[in-house]
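# An overview of the molecular structure
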Amino acid sequence: MAKFNNAIVFGIVLIFASAFAASDSGACEADVEECNPNYSSFLDHSGKTVENDLRKYTSQLVDKSYRFLILSSVFNKYSLDRPGFEKLYRKISDKAWSDAIDLIKYQSRRGSFGYLVNPKSSEQVSSEQAKVLSRPGNYSTVLDVNELSSLQFALEYEKALAQEAHAIHRKVSHAAHKSSGGDYYHYDPDTAHYLDENLIEYQSGTVRDLAGYIHNLKYFSRNSQAAGDLGVHLFDEYLAKAE
């Protein structure tokens, strides 16, 4: 009797397993050309995809890398020799370049093809932050800066890119819906985890450091011209050791 009951249970399990397998069979089983690493919402939804967002963000990172590379050269001239500032901005430039390469690799891992596009800002960021990121190719803005204004520019740029990363993270962390256009963004925890680990955590630390540098430099250079020049020199030496 026990064997008979076990046979019945085993038969029921087989029936459910076969039914589940039949319902779970995807396009890959029907066509080998459909066997790819695409899943979740990375490449779906009529062009409103995580893939497109990451392509734009990759392009913004490349633009940032060139912009801060030029900014670092401003402080590596005979007329304005600030090795600490030059080191700081070169470090930011190199990090942006490395992040762009890693982001292209991540897109490839998810079945996409990472290439550069016009680095326009997202519609979900503020107008002030959009202005910071909407100047591709116009690198002359970083040439006419001094020590304090360069830090202010760097802070605003980092905050604008951080806001962009948060906008993408918001899409993939929760199902969002725009009633006007009917665009759906679905849950993609892998992309959210990548953004957390590789971009967002770094950005929060960098924004905090740059804000602190601005207030410290303002404090050092607020007195007379001679004392202010000495304060800037000492602060530059600090940056050369700290970065």
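Reading the values: the criteria
- Residues numbered from 1 in each chain as written.
- Predicted model: local features only at pLDDT ≥ 70, side-chain atom pairs only at ≥ 80, totals over all residues.
- Heavy atoms only, no water.
- UniProt positions renumbered as here; feature names shortened; annotations may be inferred.
- Helix = DSSP H or I, 4+ residues; strand = E, 2+ residues; numbered from the N terminus.
- Buried < 20%, exposed > 50% of the residue type's maximum accessible area, 1.4 Å probe, protein only.
- Salt bridge = Lys/Arg side-chain N within 4 Å of Asp/Glu carboxyl O.
- Axes fitted to C-alpha atoms, helices over the stretch in contact; angles between N-to-C directions.
- Parallel < 35°, antiparallel > 145°, perpendicular 65-115°, else oblique.
- Contact = heavy atoms within 4.5 Å.
- Nonpolar A, V, L, I, M, F, W, Y, C, P; charged D, E, K, R; others polar.
- Left-handed = near helix turned anticlockwise from the far one by under 90°.

If you look the protein up in an unreviewed UniProt entry, it shows as Ferritin from Anopheles braziliensis. Recorded in UniProt under Sequence similarities (unreviewed entry), the annotation for the protein is "Belongs to the ferritin family." The record held by UniProt for the protein lists under Function (unreviewed entry) the comment "Stores iron in a soluble, non-toxic, readily available form. Important for iron homeostasis. Iron is taken up in the ferrous form and deposited as ferric hydroxides after oxidation."

### Here we look at the overall build of the protein
The helix and strand tally for the protein stands at eight helices and four strands. Going from N to C terminus, the protein has its helices and strands arranged as α-α-α-β-β-α-α-α-β-β-α-α. The burial tally for the protein puts 37% of its 243 residues in the buried class.

### Some thoughts on the environment of A242
Counting through the fold element by element, A242 comes out in helix α8 (residues 225–242). A residue is classified by how much of its surface remains accessible, and A242, at 42% relative accessible area, is partly exposed. Note: C-alpha distance between A242 and L88 (154 residues apart in sequence) is 9.1 Å.

### Examining the pattern of salt bridges
Considering all chains together, one arrives at nine salt bridges under this definition. Of the charged contacts in the structure, one is a salt bridge between R55 and E51, with a shortest N-O distance of 2.8 Å. Of this pair, R55 and E51 are both found in helix α3 (residues 50–74), four residues apart, which corresponds to roughly one turn of the helix. The buried category is assigned to E51, whose relative accessible area is 13%. Its salt-bridge partner being K64, residue E158 comes within 2.7 Å of it at the nearest N-O pair. In this pair, E158 sits in helix α6 (residues 147–173) while K64 sits in helix α3, placing the two residues 94 residues apart along the sequence. Like E158, the residue K64 is buried in the burial classification. Each member of the salt-bridge network shares a partner with another, and the members are R109, R110 and D190.

### Looking at the packing of helix α4 (residues 83–109) against helix α7 (residues 189–220)
Where α4 meets α7, the axes come as close as 12 Å, and the angle between the chain directions of the two elements is 170°. One element, α4, and the other, α7, form an angle in the roughly antiparallel class. Contacts between α4 and α7 involve F85, L88, I92, K95, D99, D102, L103, Y106 and R109 on the former and, on the latter, D190, T191, Y194, N198, L199, Y202, L210, Y213 and L217. Partitioned by chemical class, the residues of the contact of α4 with α7 number 11 nonpolar, two polar and five charged.

### Observations concerning the packing of α6 against α7
Contact pair α6 / α7: the axes reach a minimum separation of 9 Å and the direction vectors enclose 160°. Taken together, the axis directions place α6 and α7 in an arrangement best described as roughly antiparallel. The way α6 lies across α7 gives a crossing that is left-handed. For the contact of α6 with α7, the per-class residue count stands at 20 nonpolar, seven polar and four charged.

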